[in-house]
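Residues per chain are reported as follows:
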Amino acid sequence: MATDNPNADGFGEVSRVRGIAFEYLSFGASVFGLVALGVLLVYVAIDAFDLANASPEWLLTYFLTLVGPFLAFCLYSANDPEVTRRALGALGGGLVVVAALFSAIEAFVAPIPRLNWQLAYLFVVAAPTTAYLAYVGSRGRLGAVGFGLLGRLVGGVAIGLAVGTLFLVFDALLWFLAYTLGVLPAVGLYAFGRVRSAPRARTAAAPVGLVGLTAAVFLRDVVATYPSDLIIYLWTIAVPVAAAGALLVADRSGRTAGVLVGGLPLAVATAGGFLAAGAGLPAPTVLLVLVLTGVPTAAYVSRVVDVGEGVVGLALPFLLAAGVIVGALIVEALGVPAPDPWLDASYLTEAPSRTPSEAGLYPAIVGSVIIIAMVAVLSFALGVGTSVFLEEYTPESGPLGTLTRILQVNVANLAAVPSVVYGLLGLGLFANLLGLGIGTAVTAALTLSLLILPITIISAQEAIRSVPDDLRRGSDAMGATRWQTTKNVVLPEAMPGILTGTILALGRAIGETAPLIMIGAATTVFRAPDSLFSRFSAMPMQIYTWAGFPQADFRYGVVAAGVITLLIILVGMNGSAILLRNRAERGS
Amino acid sequence: MTDSTESPDLTRRGGLTRLKEGTYGGLFAACAAITLLTTAAIFVTLLSDAVVFFRSISIVEFLTGTNWSPNPAGGGQAFGIIPLLIGTLTVTFTAALISIPIGTLTAIYLSEYATPNARSILKPLLEILAGIPTVVYGYFALVYITPALKATLFPEMSTFNALAASIMVGIMTIPMVSSISEDAMSAVPDELRQAGYGLGATKFEVSTGIVVPASISGIASSYILAVSRAIGETMIVVVAMGAQARMPEIQEAAFGIPFINPADVLLESGMTITVAMVQITGGDLTGGTLPYNSMFALGLALFAVTLVMNVISDIIAQRYREEY
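- Per an unreviewed UniProt entry, chain B goes by the name Phosphate transport system permease protein and belongs to Halorubrum trapanicum.
- According to its UniProt record, chain B has this under Sequence similarities (unreviewed entry): "Belongs to the binding-protein-dependent transport system permease family. CysTW subfamily."

- Looking at an unreviewed UniProt entry, one finds chain A named Phosphate transport system permease protein PstA, with Halorubrum trapanicum as its source organism.
- In its Sequence similarities (unreviewed entry) section, the UniProt entry covering chain A states "Belongs to the binding-protein-dependent transport system permease family. CysTW subfamily."
- Comment text from UniProt for chain A, heading Subcellular location (unreviewed entry), reads "Cell membrane".

Dropping the structure here:
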């Protein structure tokens, strides 16, 4: 750096002011968008959770019972005096600075609407510090175990709810037949072939499965009596999941552990399912949530106990749950006025309404889940197929190379087509010409699949390209055909990257609104869709509709809650995509 | 990952294997063909209805008309694209005023000034800006930005206005400018920077005098992409800008020079091409009517403009790239 040289006097002077000003200007520019977004998100969170009406006592109670123990856990896991000092310094110093600054602005400049210094402290100091400590803590063994358990619990609940939602639309009876006649025999044959190394049995698996599926479709209307829904889910999902978990664990740490890991959650889930049926709750969903949460959790606990490191970390979920309960008890006992959040359980489980306090997002959430599930299958299959074709099957030069280049340019251009135009395509082609219906879930899923297909292809191509060529050559040298190389070497290596890209693209699809408007998706539906051809609404669609309502309660309350719900789902999806990528990077 | 238990098959491949190979190859080719079919389908869908539209409304009338009212209450439809173009240009231009300087400065900071640590944090965070659903941005503009602007700078602003929407479109497109420009700047070889330092240039002079000119083709192509994204942006403007196709009042300044007061356009509601399309879907969607077909004509215009801009940006990036 010429300007830093203290011996430069002899060469004349260079002013550093301009350079320093420019550096800070460019730094300011790069955080401008982020700060703007951050402020908007703070406001929308305050509106959704009604934090403007939260009394300081309420905030303090939960800060002490929930956030405090969590921070202590992270600090204990990080086990680094430097981090502890820094964190406590930030929390303590931040309190003084924020309170002083905030009061000064309020006194001398202008009052800041719907914000007090406690909230400012919460969002400006406490939230970033917590995020930082969670990051640092998760790198310790203890924290990794705690967050791993927490992640499995939350992920299991989310997947269980999503699967339960899908069966609102897809025919459970057909699935029962298909599973019993097709999937189960095929998997059984394949596993038998694998274990006994009988290649014939493995080859036979696919045809047997196909025959079974066909038979299921034919028998669907012939069979008159079916077991109850709960038994179907128990037989087709809960038992296989438990069995898979049990087999995995038995392989690793012995038969007893395997039986425990499979059997215990299955028993709990079955009991929970029947109890829920008695209590009038949706029993199948309860069963699914319990088993899909229980089995991975139990498998994880068994592994942690086996390894014997950071077992204390397993206490994290209990710590958080205890924090919530104790906080609620204290609030109740002291009679502290609590905020009345818009985003609560009834918001997520009830239909939209004209009165803001009764409005809910449930049908829209169901619509979104169903569309995204279909989009995921379609765009994943098409995206992987296209990218494999472009990367593995076409030459780079020659006349076929030209075709590859054309395809490549075409994909790049498709990625830049505005989403409304895809909406027009869906309206003109799928809804009207092919007669799939205006505003149906199928039309929406096809349209959105085409919309995110270019993004999926581009990221899948990158993942396939990053597989080292040595692996391909090695496989070729063993006499593998191109498909065998692709199936056995390239796809397994590239799969984490492909999945990451697909999930990120799905995040784009879940927030798209313009194509849904163009294909005539309903602005508001009061019942969850019950078939693929029923009219549906989706979360962004509902947000769009409500944003147009003039009442302040809708604008600042109901929509804010919807926005937060959508963003939480987005963060969850993108977060799992990033975790997947990090894990794959660490593994290779 | 091949099974070690399988004994190597050194005989000539059987018909079954060859059939399997061909089937999978064909399947993948079919997937790839779908992407081509999508482009073709977009063209055909847009063209077929647009052609029907242009049979009733001449292209000249469409391109020069100053009145847009596809579903008037009293009759007398009019399909003039000029008011929509004014709306689209207003939003695009204002958004570019935000995204281009900020995005360029961000790119310079990331590629020249930021420590590797700061870059690894800032880059994914900036991508978040492009990942937020646009309807959420529209909601922000309507519910937070407009009241804030009204309370501070422009008390006479209307609830639905172009300015708040443009600001949000600008913020959303910052990462498009910054990430592509940053890629171009990072590709400038270090020798050029070192040579600059060797001549006694300061870091500021190297950044603005060497790195930026050397990567100007990438920077320009990022601008075009960001502008094309802003043109096609729908939900932010639909939610925050309202839906009034208006011609701004043309005023006369000194010496009779006509001008348009920017406040007339920015602080009032307006209508972009995309908003006009969304507006029509409120009516009949089964096809056959003139407004339905006009939607496809607008879509064709939008598709053509964005396609041309992408091709231009591609050409600039390819042809005028400095090879090192």
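**Considering the overall build of chain B**
Here is step 1: The number of helices and strands found in chain B is 13 helices and four strands.
Here is step 2: Here chain B has a C-alpha radius of gyration of 26 Å; the compact-globule value for 324 residues is 20 Å, and the former is much larger.
Here is step 3: Seen along its three principal axes, the alpha-carbon backbone of chain B occupies a region of about 85 × 65 × 35 Å.
Here is step 4: For chain B, the proportion of its 324 residues judged to be buried stands at 44%.
Here is step 5: Put simply, 77% of the contacts in chain B that link residues at least 6 apart link residues at least 24 apart.

**Description of the overall build of chain A**
Here is step 1: Within chain A one finds 21 helices and zero strands.
Here is step 2: Projected onto its principal axes, the C-alpha coordinates of chain A cover approximately 80 × 75 × 60 Å.
Here is step 3: Here chain A holds 588 residues, and 40% of them are scored as buried.

**Describing the interface of chain A and chain B**
Here is step 1: Between chain A and chain B, the contact holds 73 residues from the first and 71 residues from the second.
Here is step 2: It is helix 1 (residues 17-48) of chain A that contributes the most residues to the side of chain A that touches chain B, 16 residues altogether.
Here is step 3: Considering only residue class, the side of chain A that touches chain B consists of 49 nonpolar, 20 polar and four charged.

**Regarding the domain arrangement of chain A**
Residue and element names in this part refer to chain A.
Here is step 1: Split into domains, chain A comes out as domain 1 (1-48), domain 2 (143-349) and domain 3 (356-587).
Here is step 2: Put simply, the middle of domain 2 and the middle of domain 3, counted by C-alpha atoms, are 25 Å apart.
Here is step 3: Taken residue by residue, the interface counts 12 residues in domain 2 and 20 residues in domain 3.
Here is step 4: Breaking the side of domain 2 that touches domain 3 down by element, the ones donating at least two residues are helix 5 (141-169) and helix 12 (345-349).
Here is step 5: Element by element, the count of residues in the side of domain 2 that touches domain 3 is highest for helix 5, at six residues.
Here is step 6: Residues of the side of domain 2 that touches domain 3, tallied by class, amount to nine nonpolar, three polar and no charged.

**Some remarks on the packing of helix 1 of chain A against helix 4 (residues 116-131) of chain B**
Here is step 1: Their axes nearest at 10 Å, the elements helix 1 of chain A and helix 4 of chain B cross at an angle of 55°. By the angle class used here, helix 1 of chain A and helix 4 of chain B are oblique. In the packing of helix 1 of chain A onto helix 4 of chain B, the handedness of the crossing is left-handed. Here S30(A), G33(A), L34(A) and L37(A) of helix 1 of chain A lie close against helix 4 of chain B, whose contacting residues are L122(B), L125(B), L126(B) and L129(B).
Here is step 2: Taken together, the residues that form the contact of helix 1 of chain A with helix 4 of chain B break down as six nonpolar, two polar and no charged.

**Quick word on the UniProt feature "transmembrane region" (unreviewed entry) in chain B**
Residues and elements named next belong to chain B.
Here is step 1: Summarizing the sequence annotation, UniProt attributes the feature "transmembrane region" (unreviewed entry) to residues 22-44, 81-108, 128-147, 159-180 and 295-317 in the numbering used throughout.
Here is step 2: Taken as a whole, residues 81-108 contains 96% helix and 0% strand, while its terminal C-alpha atoms sit 39 Å from one another.
Here is step 3: Its end C-alpha atoms 25 Å apart, residues 128-147 is made of 90% helix and 0% strand.

**So, the UniProt feature "domain: ABC transmembrane type-1" (unreviewed entry) in chain A**
Here is step 1: Per the UniProt annotation, the sites labelled "domain: ABC transmembrane type-1" (unreviewed entry) are residues 365-577 of chain A.
Here is step 2: Taken end to end, residues 365-577 of chain A is 78% helix and 0% strand, and its first and last C-alpha atoms sit 21 Å apart.

**Some points on the confidence of the model for chain A**
Here is step 1: For chain A, per-residue confidence averages 85 on the pLDDT scale, and residues scoring 70 or more make up 97% of the total.
Here is step 2: At the level of individual helices and strands, chain A shows its lowest average pLDDT in helix 12 of chain A, which scores 79, and its highest in helix 16 (residues 441-465) of chain A, which scores 92.

**A few points about the nonpolar core**
The tendency in soluble globular proteins is for nonpolar side chains to be buried as a group.
Here is step 1: By size, the foremost hydrophobic cluster in this structure holds 209 residues, and its most contacted members are Y139(B), A141(B), A165(B), M168(B) and A240(B).
Here is step 2: When residues no more than four places from it in sequence are discounted, the contact partners of M168(B) are Y137(B), G138(B), F140(B), A141(B), I145(B), I236(B) and A240(B).
Here is step 3: V241(A), L287(A), L292(A) and V295(A) belong to the second largest nonpolar core, which has 29 residues in total.

**Some remarks on the environment of A224(A)**
Here is step 1: Relative to the assigned elements, A224(A) resides in the loop between helix 7 (199-219) and helix 8 (229-253).
Here is step 2: Sequence separation between A224(A) and E23(A) is 201 residues, and the spatial gap between their C-alpha atoms is 76 Å.

**Remarks on the packing of helix 4 of chain B against helix 6 (residues 162-186) of chain B**
All names here are of chain B.
Here is step 1: Running from amino to carboxyl end, helix 4 crosses helix 6 at an angle of 130°, the nearest separation of the two axes being 7 Å. Accordingly, the angle class assigned to the pair helix 4 and helix 6 is oblique. Taken as a pair, helix 4 and helix 6 cross one another with a handedness that is left-handed. Touching L126, E127, L129 and A130 of helix 4 are I171, M172, I174, P175, M176 and S178, all from helix 6.
Here is step 2: Looking at the contact of helix 4 with helix 6 residue by residue, the class counts come to eight nonpolar, one polar and one charged.

**A short note on helix 7 of chain A**
Here is step 1: A rise of 1.5 Å per residue sets the reference length of helix 7 of chain A, with its 21 residues, at 30 Å; its end C-alpha atoms lie 30 Å apart and thus fit the reference within 8%.
Here is step 2: Among the residues making up helix 7 of chain A, those that are buried are A205(A), G209(A) and A216(A).

**Let's talk about unusual backbone geometry**
All names here are of chain A.
Here is step 1: Of note, D50 is a non-glycine position whose phi angle comes to about 55°, a positive value.
Here is step 2: Summarising the element assignment, D50 is placed in the loop between helix 1 and helix 2 (56-78).
Here is step 3: One non-glycine residue with positive phi stands out, namely N79, at about 55°.
Here is step 4: By the secondary structure assignment, N79 is in the loop between helix 2 and helix 3 (81-108).

**As for the environment of G263(A)**
Here is step 1: For G263(A), the position within the fold is in helix 9 (residues 255-279).
Here is step 2: Along the sequence, G263(A) and S353(A) sit 90 residues apart, while their C-alpha atoms lie 43 Å from each other.

**Some points on the environment of G22(B)**
Residues and elements named next belong to chain B.
Here is step 1: Mapped onto the fold, G22 is located in helix 1 (residues 15-56).
Here is step 2: Assessed through the 11 C-beta atoms surrounding it within 10 Å, G22 is described here as exposed.
Here is step 3: In this structure the C-alpha to C-alpha distance between G22 and S111, which are 89 residues apart in sequence, comes to 47 Å.

**Things to note about the confidence of the model for chain B**
Residue and element names in this part refer to chain B.
Here is step 1: Counting all residues, the mean pLDDT for chain B is 84, and 92% of those residues have values of 70 or more.
Here is step 2: Overall, residues 1-5 carries pLDDT values under 50, and its contacts beyond four positions in sequence, including any with other chains, amount to seven contacts.
Here is step 3: Taken together, the chains of this predicted complex give a pTM of 0.87 and an interface ipTM of 0.87.

So, how was this worked out
- Throughout this description, residue numbers start from 1 for each chain and increase along the sequence as written.
- A letter from A marks each chain and a number from 1 marks each ligand, given out in the order of writing.
- Reporting in this predicted model follows two pLDDT cut-offs: at least 70 for local features of residues, and 80 or more for side-chain atom pairs to be given and counted; totals over whole chains, interfaces and linings ignore these cut-offs and use all residues.
- UniProt positions are given in the numbering used here, feature names are shortened, and annotations may be inferred rather than shown by experiment.
- Strands are runs of DSSP state E lasting at least 2 residues, helices are runs of H or I lasting at least 4, and numbering of each runs from the N terminus.
- Here the radius of gyration uses the C-alpha set of atoms, whereas the globule reference equals 2.2 Å times the residue count to the power 0.38.
- As a rule, residues whose C-beta atom has 12 or fewer other C-beta atoms within 10 Å are exposed, those with 20 or more are buried, and those in between are partly exposed; C-beta atoms are placed from the backbone.
- By definition, residues are in contact whenever their C-beta atoms, placed on the basis of the backbone, come within 7 Å of each other.
- In this count, Pro and Cys sit with the nonpolar residues alongside Ala, Val, Leu, Ile, Met, Phe, Trp and Tyr, while Asp, Glu, Lys and Arg are called charged and the others, Gly among them, polar.
- Where a domain begins and ends is set by an automatic assignment or by a domain database.
- Axis angles are defined between N-to-C directions and span 0 to 180 degrees, where every axis is a line fitted to C-alpha atoms and, for a helix, only to the segment in contact.
- Each angle receives one of four descriptions, namely roughly parallel if under 35 degrees, roughly antiparallel if over 145, roughly perpendicular if within 65 to 115, and oblique otherwise.
- The hand of a helix crossing depends on one turn: near helix anticlockwise from the far one by less than a right angle means left-handed, and clockwise means right-handed.
- Predictor confidence is given residue by residue as pLDDT, running from a minimum of 0 to a maximum of 100.
- The term nonpolar core means buried Ala, Val, Leu, Ile, Met, Phe, Trp, Tyr and Cys residues held together as one set by C-beta atoms within 7 Å.
- For a helix, the expected span equals 1.5 Å multiplied by the residue count minus one.

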